[in-house]
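Remarks on the overall topology
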Amino acid sequence: MGWNVAAGMVARWFDNPAYTFKEKKEEVRKAHPQDSTSISLKWARKFGKTDKKYNELISEIVYSKDTLIKVIKPVCEAKIMQDFRQSLQKRPIPVGFSTQIDLGNLQEFHRKWQFTYNTLSFFETAGSYTKLNELVAILGGFALYAAIGNVFVTCSRHLEYDNSKGLKRWCYEPTVSLTHIYVYLMDKFEFTDTSEDMKSQYLGHWNKHGVIITYKGGFSEMDRMHFHLFRSHFDDKPITERVWSQDLPVSVNGERKVYTSEAVYWPVFNSTFNRWRNKHGRGQDYMVFSMPELIKLKKPIEWKMDKVYGEWEGINENNL
């Protein structure tokens, strides 16, 4: 099918020792096997609604007030305060930082600096309810993340006086400006069905010539993700029916009873891969990252920090 990226990633899964993710949120809590070279953000944006979601992220979602207050502000201020206090002088030096230094460990980078995201469902990645593309075959649904990139601080200052004690001190009012962000794709390449799932994830009907998505297969997958009405896949159609079944093999030429290797497609689920893993002791789930891309925001994200005070000093002509 010419899906060289997908083929390489699946080959990696088959060739390495068995490894599974035990918890839904475990991906950033310890060092997992990782691939950061197979997928680039530029490549991923060619598929489905990925480019649309990317533009939503950098032009709208990153400016969310809730995101700013809950995540960016405390993270940045904690990083800034040490450097800022060290620079307190009568003529304070502007300070700032870049997160580029942490790109050597992407899982740690994600844990420390990610502050918002935009998700794509299986169907948004595919761009169609009945066809797969290479990206959806690799990841299904996934998320695009924004992380802190470059931050700068400027400040105004004024003197405060305690005339009763003959003292004065500088009061600084810093303004933080997030000028650049990193954007990247992150997901897990895995075949884990959680205890919350009523049925195994459907991965399409395959043969050696390609893949199809049956109509009931697509609906059953929507039910698994959103509705949770049915405990089993739809398997009430025999092989002679035309591309409707899910648990059973189907023939695209069923009405003519043509059952050649090209016509018959076989169902594949997460459970299919897990049975193979249990039998052979191989099949390594791993984290997938695109290398983060540094993007300059059209409008910097700015906010005021709490006031910072210098030390009290005696009032005299030399230190005015």
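Located above this text is the structure these notes cover.
Remember, it's a predicted structure, so these values are computed and weren't measured experimentally.

Examining the overall build of the chain
The helix and strand tally for the chain stands at nine helices and 13 strands. Burial analysis of the chain (320 residues in total) assigns 45% to the buried set. Here the analysis covers contacts within the chain between residues at least 6 apart in sequence; of these, 75% occur between residues at least 24 apart. Roughly 17400 Å² of accessible area belongs to the chain as shown, and the carbon and sulfur atoms make up 50% of that amount.

Observations regarding the packing of aromatic side chains
Taken as a whole, this structure holds 20 aromatic pairs when the rule is applied. Summarising the aromatic geometry, the rings of Trp3 and Trp206 are spaced 6.4 Å apart at their centres and angled 85° between planes, so their arrangement reads as edge-to-face. Taken together, the positions of Trp3 in the segment before helix H1 (4–15) and Trp206 in strand S6 (residues 202–207) put the pair 203 residues apart, joining distant regions of the chain. Take Trp206: its relative accessible area is 26%, and that puts it in the partly exposed class.

Comments concerning the nonpolar core
Core analysis: the largest hydrophobic core is formed by 68 residues, its most contacted members being Ile39, Ile80, Ile148, Leu178, Ile181 and Leu185. The contacts of Ile80, once residues within four sequence positions are left out, are Val95, Phe97, Val151, Val153, Val176 and Met305.

Description of the environment of Phe47
Summarising the element assignment, Phe47 is placed in the loop between helix H2 (41–44) and helix H3 (50–59). The sequence separation of Phe47 and Asn133 amounts to 86 residues, and the corresponding C-alpha distance is 7.3 Å. The contact partners of Phe47, leaving out residues within four places of it in the chain, are Thr125, Asn133, Glu134 and Leu135.

Digging into the pattern of salt bridges
Summed over all chains, the structure comprises eight salt bridges. When the shortest N-O distance is used, the salt bridge between Glu313 and Lys168 registers 3.4 Å. With Glu313 in strand S13 (residues 313–314) and Lys168 in strand S5 (residues 167–189), the pair connects residues that are 145 residues apart, well separated along the chain. By relative accessible area, Lys168 is classed as buried at 1%.

Considerations on the side chain of Asn150
Of note, Asn150 is situated in strand S4 (residues 142–162). Judged by its relative accessible area of 14%, Asn150 is buried. Of the polar contacts made by the side chain of Asn150, one reaches the side chain of Ser98; its length is 3.1 Å. Apart from the residues lying within four places of it in its own chain, the contact partners of Asn150 are Phe97, Ser98, Ser177, Leu178, Thr179, His180 and Leu294.

What counts as what
- Numbering of residues starts from 1 in every chain and runs along the sequence as written.
- At least 70 in pLDDT is required for a residue's local features to be given in this predicted model, at least 80 for side-chain atom pairs to be given and counted, and no such filter applies to totals for whole chains, interfaces and linings, which use all residues.
- To get the side-chain values, take all heavy atoms of the structure and skip hydrogens and water.
- For helices the rule is a DSSP run of H or I covering at least 4 residues; for strands it is a run of E covering at least 2, with both sets numbered from the N terminus onward.
- The buried label applies to any residue whose accessible area, calculated with a 1.4 Å probe on protein chains only, is under 20% of its type's maximum; exposed applies above 50%, and partly exposed to all values in between.
- When checking whether two residues touch, look at their non-hydrogen atoms; a contact exists if any pair is within 4.5 Å.
- For accessible areas, the Shrake-Rupley method is used with a probe of radius 1.4 Å. Any residue's cover is judged against the shown protein chains and nothing else.
- Two rings belonging to Phe, Tyr or Trp (six-membered ring only in the last case) form a pair when the distance between their centres is within 6.5 Å. Interplanar angles under 30 degrees mark stacking, angles over 60 mark edge-to-face geometry, and anything in between is tilted.
- Nonpolar cores are built from buried Ala, Val, Leu, Ile, Met, Phe, Trp, Tyr and Cys residues. Side-chain atoms within 4.5 Å join them into one set.
- What counts as a salt bridge is simple: a side-chain nitrogen of Lys or Arg found within 4 Å of a carboxyl oxygen of Asp or Glu.
- Within 3.5 Å is the distance limit for a polar contact, defined as a pair of N or O atoms, with the added protein rule that one can donate a hydrogen and the other accept it, and that residues adjacent in sequence qualify only through two side-chain atoms.

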